[in-house]
Amino acid sequence: MTDDVYAEFRDAVNMTPAELRTWLATDESKEVGQKSSAGAESVGHDSGHQIIAILGRKKASLTEADEAHMRKVVGYVHRHMAQRPHGDVTETPWRYSLMNWGHDPLKK
């Protein structure tokens, strides 16, 4: 695990495990994102659960699979932030999708 990947992940994920867990339980969270099949969990929603698990581990115990997912999260957050829509994003699928990936763009 490189320090860069860890730091980038911690910067990209600005929600706490408790905030993310609460968010993932909402209808809004479950309604956004790309689903692999009808009724399936979205990619982002599944990612949120993986992020909670990663945040619950010590850095030294993170696996190669964890590091790969951390890189995926950082890439997603950076790409999605670059596509920010104009206007108020408070109740938008754009924000909700980012929140599934552990990043609330309205959080300071």
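As a starting point, this report considers the structure included with it. (Residues numbered from 1 in each chain as written. Predicted model: local features only at pLDDT ≥ 70, side-chain atom pairs only at ≥ 80, totals over all residues. Heavy atoms only, no water.)

1. Quick look at the packing of aromatic side chains
No. 1: Tallied over the entire structure, the rule returns 2 aromatic pairs.
No. 2: For the ring pair Trp-23 and Tyr-96, a centre distance of 5.2 Å and an interplane angle of 40° mean the geometry is tilted. Of this pair, Trp-23 sits in helix 2 (residues 17-24) while Tyr-96 sits in helix 6 (residues 93-100), and the two are 73 residues apart along the sequence.
No. 3: On the basis of relative accessibility, which here comes to 13%, the residue Tyr-96 falls in the buried class.
No. 4: With 4.3 Å between their ring centres and 15° between their planes, Tyr-76 and Trp-101 make a pair best called stacked. Of this pair, Tyr-76 sits in helix 5 (residues 64-81) while Trp-101 sits in the segment after helix 6; the two residues are 25 residues apart in sequence, bridging distant segments of the chain.
No. 5: Under the relative-accessibility criterion, Tyr-76 is labelled buried at 15%.
No. 6: Using a relative accessible area of 4% as the deciding quantity, one classes Trp-101 as buried.
No. 7: The side chain of Lys-59 reaches across the aromatic face of Tyr-6, ending 5.0 Å from its centre. (Phe/Tyr/Trp six-rings, centres within 6.5 Å; stacked < 30°, edge-to-face > 60°. Helix = DSSP H or I, 4+ residues; strand = E, 2+ residues; numbered from the N terminus. Buried < 20%, exposed > 50% of the residue type's maximum accessible area, 1.4 Å probe, protein only. Lys NZ or Arg CZ within 6 Å of the ring centre and 35° of its normal.)

2. Describing the packing of helix 1 (residues 3-12) against helix 5
No. 1: Running from N to C, helix 1 and helix 5 point in directions that differ by 50°, and their axes come no closer than 9 Å. Classified by the angle between their axes, helix 1 and helix 5 sit oblique to one another. In this structure, helix 1 crosses over helix 5, and the sense of that crossing is left-handed. Taking contact as the criterion, the partners of Val-5, Tyr-6, Glu-8, Phe-9 and Ala-12 in helix 1 are, on helix 5, Glu-67, Met-70, Arg-71, Val-73, Val-74 and Val-77.
No. 2: Class assignment of the residues belonging to the contact of helix 1 with helix 5 gives a composition of 8 nonpolar, no polar and 3 charged. (Axes fitted to C-alpha atoms, helices over the stretch in contact; angles between N-to-C directions. Parallel < 35°, antiparallel > 145°, perpendicular 65-115°, else oblique. Left-handed = near helix turned anticlockwise from the far one by under 90°. Contact = heavy atoms within 4.5 Å. Nonpolar A, V, L, I, M, F, W, Y, C, P; charged D, E, K, R; others polar.)

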